[in-house]
Amino acid sequence: MSWIAIGALAVVGVGIPLGMMAASALLRPSVPEQGKSATYESGEIPTGTARSFKFNIQYYMVALLFVVFDIETVLVFPWAVIYSDAVEVVGITRALGPMLLFIGILLIGLVWAWRNGAVSWTKSPRATRRKTERGDA
Amino acid sequence: MDPTVVTTAALQSQLPEWTALGPVIVLGLTGLLLLTIDAIWPKRNANTTYAIVSAAGAIIALGITVWYLVAGTGQETHGGAITLFSEAIVVDGMALFFTAIFTSVAALVIVASHDYLKGHENSAEFYSLLMFATTGMALMAVSNSLVTVFVSLEMASLPSYALVGFLKKDRGSVEASLKYFLIGALSSAVFLFGISLIYAVTGSLLLTEISAQFADGGVAGFAGVAGIGVLMIAGGFAYKTASVPFHFWAPEAYEGAPAPVSAFLSSASKAAGFVVAFRVFAEAFMPLLEVTPAIDWALAFAVLAVLTMVVGNFAAATQENVKRMLAYSSIGHAGYALIGLAALTAGGPHNGDVMGAAMAHLLIYGFMNTGAFLFIAMVEYWGVGRTFEDYAGLSQKAPLACVAMAVFMFSLAGLPVFGGFFSKYALFASAVSAGFWWLAAVGAVTSALSLYYYSRVVKAIWIEEPNGNLDVIESKPTGLYAAIIFAAVATVLLLPGFPIALETAEAAASALFA
């Protein structure tokens with residue numbers, strides 16, 4: 001029986017927006033204009049289509065490195081909070097050692113990625129050309 | 001004082017307990033060492049150095065594993081399994097047995113990859129990914145909690161996706177990697193959902209505690225939830241072992257991947273899937289067979305085993321592409337190994353024999369299947385085509401490797417002259433004595449069928465005349481050659497050595513049911 005309330009909530013949750021859209025479709029005047037159908041880009045004029053949109057793969061590398069260290073922070077935080085208590089209980093080696101090992105493994109990965117050019121931004125010849133052209137003008 | 005405690009203490013006093021994880025640690029450190037070398041000299045593409053370092057790492061890990069196996073670490077004779085990290089990790093005979101499979105396959109694949117990667121830009125990445133995947137697999141073998149099972153499964157899977165797509169300019173490789181990744185992500189999600197349901201029912205993630213809960217009848221009232229959880233977990237393992245119904249990724253991934261990676265995935269990764277499946281089902285879900293007859297997972301595995309044997313072998317028989325044929329044949333072999341789970345019964349006296357035979361089959365399969373895929377790698381290296389016709393007359397150019405290939409093919413088919421025969425024989429015989437004669441019958445019939453497509457390869461390389469396809473062959477890749485010959489020698493040596501392997505495997509499996 002208690003599920004009836006959930007079902008009623010679902011019906012109302014779907015029904016109200018659909019009803020509002022239907023009501024406004026019946027009541028409003030329809031004046032199509034180009035400006036209304038264009039994608040809103042905070043005042044910029046949109047160019048191209050949404051599907052041909054491409055972005056630089058290097059954002060992905062940076063994002064990946066960020067996520068690794070972001071998650072690491074999540075782990076380090078609670079560890080840091082209990083650190084001094086933990087040292088008293090199990091001693092400094094067992095409290096500090098595993099975390100140093102963990103960060104060490106991540107550091108090897110970061111250094112490797114860095115040295116192999118994961119964070120050095122490739123120069124786009126087209127962008128450089130455009131910049132110099134604009135500078136000349 | 002309790003006498004068992006004394007023996008445990010006396011025999012394990014030579015080394016601290018964490019050293020039981022030695023093979024895993026060595027494999028992981030080797031991967032990190034490769035990255036460090038590449039970070040210090042990123043411009044120098046030292047393919048040979050990386051190959052030597054990673055092969056050394058794999059062989060040291062193999063050495064430690066074999067030493068532990070022989071010395072009896074974690075086995076019944078020497079105080080039983082060693083548990084670490086609040087029982088999340090367990091080192092026992094089964095873990096060591098499978099670690100030996102992973103490390104030997106990894107060593108073979110590394111030696112073979114040295115030629116395959118010649119002139120390739122990022123060889124350090126390849127070797128380190130391979131080492132990390134092997135680390136994950138070795139960790140799968142020692143997982144004793146559903147969390148470690150899941151984490152180690154992902155640790156083995158993620159590098160595998162990257163390895164399949166390693167030839168990033170090759171469309172087939174990238175496509176294979178994407179398919180593998182998508183199906184992998186889906187089945188990980190299913191698997192994780194299954195874990196959460198089991199946790200909901202039992203309130204624990206440790207396999208031993210789950211088992212105790214089920215034995216107590218703690219599942220009463222939640223049999224439906226537990227059943228769905230068990231089914232979802234079985235699905236996750238079916239993916240990892242490339243069994244029906246989650247086998248679709250395997251032919252694509254094995255065909256598109258660089259051939260050494262296919263060898264690695266179809267042998268080591270499959271065995272890794274089986275070791276966790278064996279441990280989770282034999283240890284955690286075994287009481288379900290007894291207490292809750294509604295959740296008859298052994299029957300589910302029996303159905304899957306039959307389907308996998310039939311689908312794998314029939315699909316393999318229709319292939320024109322040799323690599324794809326081998327991919328389907330490896331699905332068929334997953335079906336044989338599944339008998340190790342399907343023929344289990346509650347308190348059955350033959351449980352240890354059945355599972356031990358499946359483990360021994362996976363050991364021999366590890367060598368013969370790796371060897372067969374490495375032969376494909378050599379053909380790919382030469383640039384000879386991919387179909388049976390393209391293989392015509394290869395024996396005129398590479399007689400020794402073709403002898404090895406014939407050994408692999410006949411051994412995979414189970415002809416009575418090579419190791420593959422005994423492992424299949426032991427598997428089917430134990431299934432019969434456990435009362436599952438029909439599983440053995442399906443296995444025997446599909447094995448007979450498999451002889452047809454395996455002998456097609458042998459016919460092509462030995463009997464047919466070359467049709468101008470061999471003109472592209474110029475060099476003899478030493479590393480590939482050595483790895484193929486070594487795998488062949490191991491396959492042949494496992495013929496006299498099979499009783500020892502079977503005995504070790506059965507002892508290790510029986511310990512799970514004790």
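This is a predicted model, so every value here is computed, not measured. Note on numbering: residues in each chain are counted from 1, in written sequence order. As they are written, the chains are lettered A onward and the ligands numbered 1 onward, keeping that order. Two thresholds apply to this predicted model, a pLDDT of at least 70 for residue-level local features and 80 or more for giving and counting side-chain atom pairs, whereas whole-chain, interface and lining totals are computed over all residues.

Engineer: Describe the overall build of chain B, listing the residues and the values that go with them.
Structural biologist: Each helix is a run of H or I in the DSSP string that is no shorter than four residues. Each strand is a run of E no shorter than two, and both are numbered from the N terminus. A tally of regular secondary structure across chain B gives 20 helices and 2 strands. Note that the radius of gyration is over C-alpha atoms, with the globule rule given as 2.2 Å times the number of residues to the power 0.38. Taking 514 residues into account, the globule formula puts the C-alpha radius of gyration at 24 Å, and chain B, at 22 Å, falls close to it. Principal axes of the C-alpha set define a box for chain B whose edges measure 70 × 55 × 40 Å. Counting all 514 residues of chain B, 60% fall into the buried class. Considering only residue pairs separated by 6 or more positions, chain B has 82% of its internal contacts joining residues 24 or more positions apart. Once C-beta atoms are placed from the backbone, each residue is buried if 20 or more other C-beta atoms lie within 10 Å of its own, exposed if 12 or fewer, and partly exposed for counts between those two. Here the contact rule is simple: place C-beta atoms from the backbone, and any two residues whose C-beta atoms are within 7 Å are in contact.

Engineer: Describe the overall build of chain A, listing the residues and the values that go with them.
Structural biologist: Broken down by element type, chain A carries 5 helices and 0 strands. Ordering the α and β elements of chain A from the N terminus gives α-α-α-α-α. Rg of the C-alpha trace for chain A: 28 Å, well past the compact-globule value of 14 Å for 137 residues, more than 25% over. C-alpha extents for chain A along the principal axes are approximately 75 × 75 × 20 Å.

Engineer: How would you explain the interface of chain B and chain A if you had to name every residue and give the values?
Structural biologist: With 6 residues of chain B at the contact, the number on the chain A side is 7 residues. We call Asp, Glu, Lys and Arg charged. Ala, Val, Leu, Ile, Met, Phe, Trp, Tyr, Cys and Pro are nonpolar, and the rest, Gly among them, are polar. Grouping the amino acids of the side of chain B that touches chain A by side-chain chemistry returns 4 nonpolar, 1 polar and 1 charged.

Engineer: Before we move on, could you go through the packing of helix α3 (residues 47-71) of chain B against helix α4 (residues 93-116) of chain B and cite the residues and values that matter?
Structural biologist: All names here are of chain B. In this analysis, axes come from line fits to C-alpha atoms, helices being fitted only over the stretch in contact, and the angle between any two N-to-C directions falls in the range 0 to 180 degrees. Their axes nearest at 9 Å, the elements α3 and α4 cross at an angle of 160 degrees. On the basis of the axis angle, α3 is roughly antiparallel to α4. Pair α3 / α4 crosses with left-handed handedness. Of the residues belonging to the contact of α3 with α4, the class tally is 16 nonpolar, 9 polar and no charged. Here the word oblique covers every angle except those under 35 degrees (roughly parallel), over 145 (roughly antiparallel) and from 65 to 115 (roughly perpendicular). In this scheme the handedness of a crossing depends on how the near helix is turned from the far one: anticlockwise by less than a right angle means left-handed, clockwise means right-handed.

Engineer: Residues and numbers for the domain arrangement of chain A, please.
Structural biologist: Throughout the structure description, domain borders are defined by an automatic or database domain assignment. What the domain assignment lists for chain A is domain 1 (2-37) and domain 2 (58-122). The gap between the C-alpha centroids of domain 1 of chain A and domain 2 of chain A is 48 Å.

Engineer: Residue-level account of the UniProt feature "transmembrane region" (unreviewed entry) in chain A, with values.
Structural biologist: All names here are of chain A. Look at the UniProt record and you will see "transmembrane region" (unreviewed entry) annotated at residues 6-27, 59-83 and 95-114. Overall, residues 6-27 shows 100% helix and 0% strand. The separation of its end C-alpha atoms is 32 Å. Secondary structure content for residues 95-114 is 100% helix and 0% strand, and the end C-alpha separation is 29 Å. UniProt positions are given in the numbering used here, feature names are shortened, and annotations may be inferred rather than shown by experiment.

Engineer: Could you give me a rundown of the nonpolar core, with the residues and numbers involved?
Structural biologist: All names here are of chain B. Ranked by internal contacts, the top residues of the largest apolar core, which has 206 residues, are Leu130, Ile339, Ala342, Leu374 and Leu439. With 21 residues, the single largest contributor to this core is helix α15 (residues 351-382). Discounting chain neighbours no more than four positions away, the residues touching Ile339 are Ala305, Val354, Ala358, Leu427, Ala431, Leu439 and Gly443. Nonpolar core, as used here: buried Ala, Val, Leu, Ile, Met, Phe, Trp, Tyr and Cys residues forming one set through C-beta atoms within 7 Å.

Engineer: Account for helix α20 (residues 498-513) of chain B, with residues named and values stated.
Structural biologist: For α20 of chain B, spanning 16 residues, the distance from its first C-alpha to its last is 23 Å, which sits close to the expected 22 Å at 1.5 Å a residue. Those residues of α20 of chain B that sit buried are Phe498, Ala501, Leu502, Thr504, Ala505, Glu506, Ala508, Ala509 and Leu512 of chain B. A helix is expected to span 1.5 Å for every residue after the first.

Engineer: Mind laying out the confidence of the model for chain A, listing which residues take part and the relevant values?
Structural biologist: You can read pLDDT as the predictor saying how much it trusts each residue, on a scale of 0 to 100. For chain A, per-residue confidence averages 84 on the pLDDT scale, and residues scoring 70 or more make up 93% of the total. The lowest-confidence element of chain A is helix α5 (residues 125-136) of chain A, averaging 68 in pLDDT; the highest-confidence one is helix α1 (residues 2-27) of chain A, averaging 92.

Engineer: Tell me about unusual backbone geometry, residues and numbers included.
Structural biologist: Residue and element names in this part refer to chain B. Residues Val244 and Pro245 are joined by a peptide bond in cis, for which omega reads 5 degrees. In this structure, Pro245 sits in the loop between α9 (223-240) and α10 (249-256). Even without being a glycine, Phe85 presents a positive backbone phi close to 50 degrees. Note that Phe85 resides in the loop between β1 (82-84) and β2 (89-91). Look at Glu87: it is not a glycine, yet its phi comes out positive at around 70 degrees. Looking at the element boundaries, Glu87 is found in the loop between β1 and β2. On the neighbour-count criterion, Glu87 (15 C-beta atoms within 10 Å) is partly exposed.

Engineer: Requested: an account of helix α3 (residues 58-90) of chain A, with residues and values cited.
Structural biologist: The seven residues ending at a residue and the seven starting there each receive a fitted axis; the angle between those axes is the bend at that residue. Of all bends in α3 of chain A, the biggest is about 60 degrees, found at Tyr83 of chain A. A small share of α3 of chain A lies buried, amounting to 0 of its 33 residues.

Engineer: Any details on the packing of helix α7 (residues 171-202) of chain B against α10 of chain B? Residues and values, ideally.
Structural biologist: All names here are of chain B. Between α7 and α10, the shortest axis-to-axis distance is 8 Å and the interhelical angle comes to 145 degrees. Handedness of the crossing formed by α7 with α10: left-handed. Residue-level contacts link Gly172, Ser173, Glu175, Ala176, Lys179, Tyr180 and Ile183 of α7 to Trp249, Glu252, Ala253, Glu255 and Gly256 of α10. The residue inventory of the contact of α7 with α10, partitioned by class, reads 5 nonpolar, 3 polar and 4 charged.

Engineer: For the confidence of the model for chain B, give the residues involved together with the corresponding values.
Structural biologist: Residue and element names in this part refer to chain B. Averaged over all residues, the pLDDT of chain B is 87; the fraction at 70 or higher stands at 97%. The spread of mean pLDDT over the elements of chain B runs between helix α1 (residues 3-11), the lowest at 44, and helix α6 (residues 146-164), the highest at 93. Note on residues 1-12: pLDDT under 50 across the span, and 8 contacts to partners over four residues away in sequence or across chains. Complex prediction metrics read pTM 0.86 and ipTM 0.79.

Engineer: Please provide a residue-by-residue account of the environment of Ser447 of chain B, values included.
Structural biologist: All names here are of chain B. By the secondary structure assignment, Ser447 is in helix α18 (residues 437-462). A residue is classified by how many C-beta atoms lie within 10 Å of it, and Ser447, with 23 of them, is buried. Ignoring sequence-local partners within four residues, the contact set of Ser447 consists of Ala413, Gly414 and Lys424.

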